[in-house]
Amino acid sequence: MLANKNIVLGVCGSIAAYKSATLVRLMIKAGANVQVVMTPDATNFITPLTLSTLSKKPVLVEYFIAETGEWNNHVELGLWADLLVIAPASANTLAKMANGLCDNLLMAVYLSAKCPVYFAPAMDLDMWKHDATTENISRLQSFGNILIPPGSGELASGLHGEGRMAEPEEIIAFLSSDIKKKLPLANKKILVSAGPTYEAIDPVRFIGNHSSGKMGFAIADQLALMGADVTLVSGPSAQVSKQHSVTRIDVTSAAEMLEACLANFKSSDACIMSAAVADYTPVTVASQKIKKKETNFSIDLKKTTDILGELGKLKSSKQVLAGFALETNDEEKNAIDKLERKNLDFIVLNSLNDEGAGFKKDTNKITIIDRNGEKTAFGLKSKADVARDICLKIAELITP
Ligand code: CTP
């Protein structure tokens, strides 16, 4: 959840500042860009060198850089940040934040920030329990700032109780889950299918198609980025999910894909079938390798089950169901026919007549047609951007 996020980490004067080193390391490990801003007092507890080495950026403390005469632009920093995390937040800094006092660079960044602000207090038991601190924290929460609650245990003073800054791992988990729950598809379970299916002829041969799985994998990644809990049923494909949270179920044949989709559909809020499922499969699979014949050779084929059609029959009014139509002629008419026949909420139309669209390409050009007849045609885009357009349509239709 923190990957590619710009984080300003504010560090205040508190013994808990020693934990900031681990916190910076974990943020960097999670893929974030971290700019540390320390209060002057914080430098008594941990050196800027430690934090600049770990964050791979010079640490900022003062408005002015005496040697160069330059100044650190707090407005730019406030705009750059996707998150401002103040950890440790001392009683003094909390009081300043609650009252809009601006006597150091960190306070100026705080007052300029347009992004969510998280604060992880660290102080002694009595300071934490003081009415002034309680009031300051409620005031900060009323401004929309988010409290990362302190833990309980032994404090630097030797006292036991509340006031100890949350551990760096807990702060990372708190930030990740808070970001996730605010995403448009948070708490939604979505089923995606991708890739081709292989229909066995004998132990060494199969009937397959050219689908690479790129589109379905891009959709699964995008849904996960939007906060969904994604199950990806994939036919044989060399693709890998970029998002670790995607649960992958590997299948080979259309029959296996049907079974995996049926097992997961009922508990899903939405399903998008992007797999290129074989329409036919051999009536019998030879148990031994078929030997060459002197004359022509033919294989008896039977129809596979239309997985999307089956899901359409099972679909409840709360579920969103979508499919793909890859057409070469009468594109819109054929797509609308599929949408109605399979009881879909929307269909993604690809035309093989469009350059840059289709199997194995990194780009695609789609038109989304929904069950109300609304039609949106998109330009040629990367499959990742096409996936985003499709996922936004799911987010629009899914029950909040
Ligand atoms: N699909 C499916 N199960 C099948 C075949 C297709 O779930 N056995 C799904 C695909 O994942 C896709 C949509 O149905 O979302 C495609 O519809 P389909 O009618 O199969 O399209 P074509 O295979 O292109 O069929 P036609 O030859 O009739 O155009």
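All figures in this text were calculated on a predicted structure; none of them were measured in a lab.

Participant: I'm lost on the overall build of the protein chain in this one. Help?
Facilitator: Each helix and strand in the protein chain was counted, giving 13 helices and 23 strands. At 28 Å, the protein chain has a C-alpha radius of gyration far larger than the 21 Å of a compact globule built from 400 residues. Judged by the C-alpha coordinates and their principal axes, the protein chain covers about 90 × 45 × 45 Å. In the protein chain, which comprises 400 residues, the proportion classed as buried is 49%. Carbon and sulfur atoms provide 52% of the accessible area of the protein chain, an area that totals close to 19900 Å². With 43 positive and 45 negative side-chain charges, the protein chain shows a spacing of 6 Å between the two charge centroids.

Participant: Just to check I follow, could you spell out the sheet that holds strand β19 (residues 346-351) for this structure?
Facilitator: Taking strand neighbours across the sheet as the criterion, the 8 strands line up as β14-β13-β10-β15-β18-β19-β21-β22 in an open arrangement whose pairing is mixed. Single-partner strands in this sheet number two, and they are β14 (247-250) and β22 (375-377). Across this sheet, the average inter-strand angle for adjacent strands is 15°, counted without regard to direction. Two strands pair when backbone bridges link them, and strand β10 (residues 189-194) and strand β13 (residues 229-234) are joined in this way by 6 bridges, in the parallel orientation. Looking across to β13, one finds that Val-192 is bridged to Leu-232. The strands touched by helix α11 (residues 307-314) within the sheet are β15 (270-273) and β18 (320-327), with β18 carrying the most contacts at an inclination of about 155°. Helix α13 (residues 383-397) contacts β10, β15, β18, β19 and β21 (366-370) of the sheet and is inclined by roughly 10° relative to β21.

Participant: Help me out: how do you make sense of the site of the ligand in this one?
Facilitator: Close contacts around the ligand come from 14 residues, with Met-273, Ala-275, Leu-308, Phe-324 and Lys-338 the closest. Take Asp-279: an N or O atom from its side chain is 3.2 Å from an oxygen atom of the ligand. In the model, a nitrogen atom of the ligand is placed 3.0 Å from a nitrogen or oxygen of the Ile-307 main chain. Compared with its free state, where it exposes 580 Å², the ligand has 74% of that area covered by protein. A majority-of-atoms criterion places the ligand in the largest pocket.

Participant: It is not clear to me how the nonpolar core should be interpreted in this structure. Could you clarify?
Facilitator: What tends to happen in soluble globular proteins is that the nonpolar side chains get buried as a cluster. In this structure, Leu-9, Met-27, Val-36, Met-38, Leu-51, Val-85 and Ile-171 are the most contacted members of the largest nonpolar core, which totals 34 residues. Elements that contribute at least two residues to this core include exactly β1 (6-11), α1 (20-29), β2 (33-38), β5 (83-89), β6 (117-121) and α8 (168-181). Of all the elements, α1 adds the most residues to this core, at 5 residues. In terms of nonpolar packing, the next biggest core, distinct from the first, is built from 32 residues, Met-215, Ile-219, Ala-220 and Val-348 among them.

Participant: Just to check I follow, could you spell out the pairing of strand β8 (residues 151-154) for this structure?
Facilitator: Along any regular strand, the residues point their side chains to alternate faces of the sheet. As defined by bridge partners, β8 adjoins strand β9 (residues 160-164) across 4 bridges and the pair is classed as antiparallel. The residue of β9 that forms the bridge with Ser-152 is Glu-162. What sits between the antiparallel neighbours β8 and β9 is a turn of 5 residues, in which Gly-158 has the positive phi angle 100°.

Participant: Looking at this structure, how should I read the state of the cysteines?
Facilitator: Tallying each qualifying case throughout the model produces 0 disulfides. With no disulfide of its own, Cys-12 has Cys-102 as its nearest cysteine by sulfur position, at a separation of 13 Å. No disulfide involves Cys-391; its nearest neighbouring cysteine sulfur is the one of Cys-271, lying 13 Å away.

Participant: Is there a simple way to explain the packing of helix α4 (residues 91-99) against helix α7 (residues 131-142) in this structure?
Facilitator: Pairs of packed helices are described in terms of their axes, by the angle between the two and the distance that separates them. In contact at an axis separation of 9 Å, α4 and α7 are set at 50° when each is read in the N-to-C sense. Classified by the interaxial angle, the pair formed by α4 and α7 is oblique. Helix-helix and strand crossings are classified by hand; for α4 and α7 the assignment is left-handed. For the pair formed by α4 and α7, the contact residues are Leu-94, Ala-95, Met-97, Ala-98 and Asn-99 on the first element and Thr-133, Asn-136, Ile-137, Arg-139 and Leu-140 on the second. Here the residues of the contact of α4 with α7 sort into 6 nonpolar, 3 polar and 1 charged.

Participant: What exactly am I supposed to notice about the sheet that holds β2 here?
Facilitator: Pairing between the strands of a sheet comes from backbone hydrogen bonds, and it takes one of two forms, parallel or antiparallel. What the 5 strands build is an open sheet, ordered β2-β1-β5-β6-β7; its pairing is parallel. The open sheet has two edge strands, β2 and β7 (146-147), and neither has a second partner. Examined bridge by bridge, β1 and β2 share 6 bridges and lie parallel to one another. Following the sheet pairing, Leu-9 is matched in β2 by Val-36. The sheet strands contacting α8 are β5, β6 and β7, and the helix crosses β6 at an angle near 150°.

Participant: It is not clear to me how the domain arrangement of the protein chain should be interpreted in this structure. Could you clarify?
Facilitator: Accessible area lost upon the coming together of the parts is a frequently used measure of interface size. Domains assigned within the protein chain are domain 1 (6-181) and domain 2 (189-397). One C-alpha centre belongs to domain 1, the other to domain 2; they are set 47 Å apart.

Here is what the cut-offs are and how they apply
- Residues numbered from 1 in each chain as written.
- Predicted model: local features only at pLDDT ≥ 70, side-chain atom pairs only at ≥ 80, totals over all residues.
- Heavy atoms only, no water.
- Helix = DSSP H or I, 4+ residues; strand = E, 2+ residues; numbered from the N terminus.
- Rg over C-alpha atoms; globule rule 2.2 N^0.38 Å.
- Buried < 20%, exposed > 50% of the residue type's maximum accessible area, 1.4 Å probe, protein only.
- Areas by Shrake-Rupley, 256 points an atom, 1.4 Å probe, with all protein chains shown as cover.
- Lys, Arg positive; Asp, Glu negative; His and termini not counted.
- Charge placed at Lys NZ, Arg CZ, Asp CG, Glu CD.
- Pairing = 2+ DSSP bridges.
- Axes fitted to C-alpha atoms, helices over the stretch in contact; angles between N-to-C directions.
- Contact = heavy atoms within 4.5 Å.
- Near = heavy atom within 4 Å.
- Polar contact = N/O pair within 3.5 Å; in protein donor to acceptor, adjacent residues only side chain to side chain.
- 1 Å grid on protein atoms, 1.4 Å probe; cavity = no way out; pocket = protein on both sides within 12 Å on 5 of 7 lines; lining within 4 Å.
- Sits in = over half its atoms within 2 Å of the grid points.
- Core = buried A, V, L, I, M, F, W, Y, C linked by side-chain atoms within 4.5 Å.
- Disulfide = S-S within 2.5 Å.
- Parallel < 35°, antiparallel > 145°, perpendicular 65-115°, else oblique.
- Left-handed = near helix turned anticlockwise from the far one by under 90°.
- Nonpolar A, V, L, I, M, F, W, Y, C, P; charged D, E, K, R; others polar.
- Domains from an automatic or database assignment.

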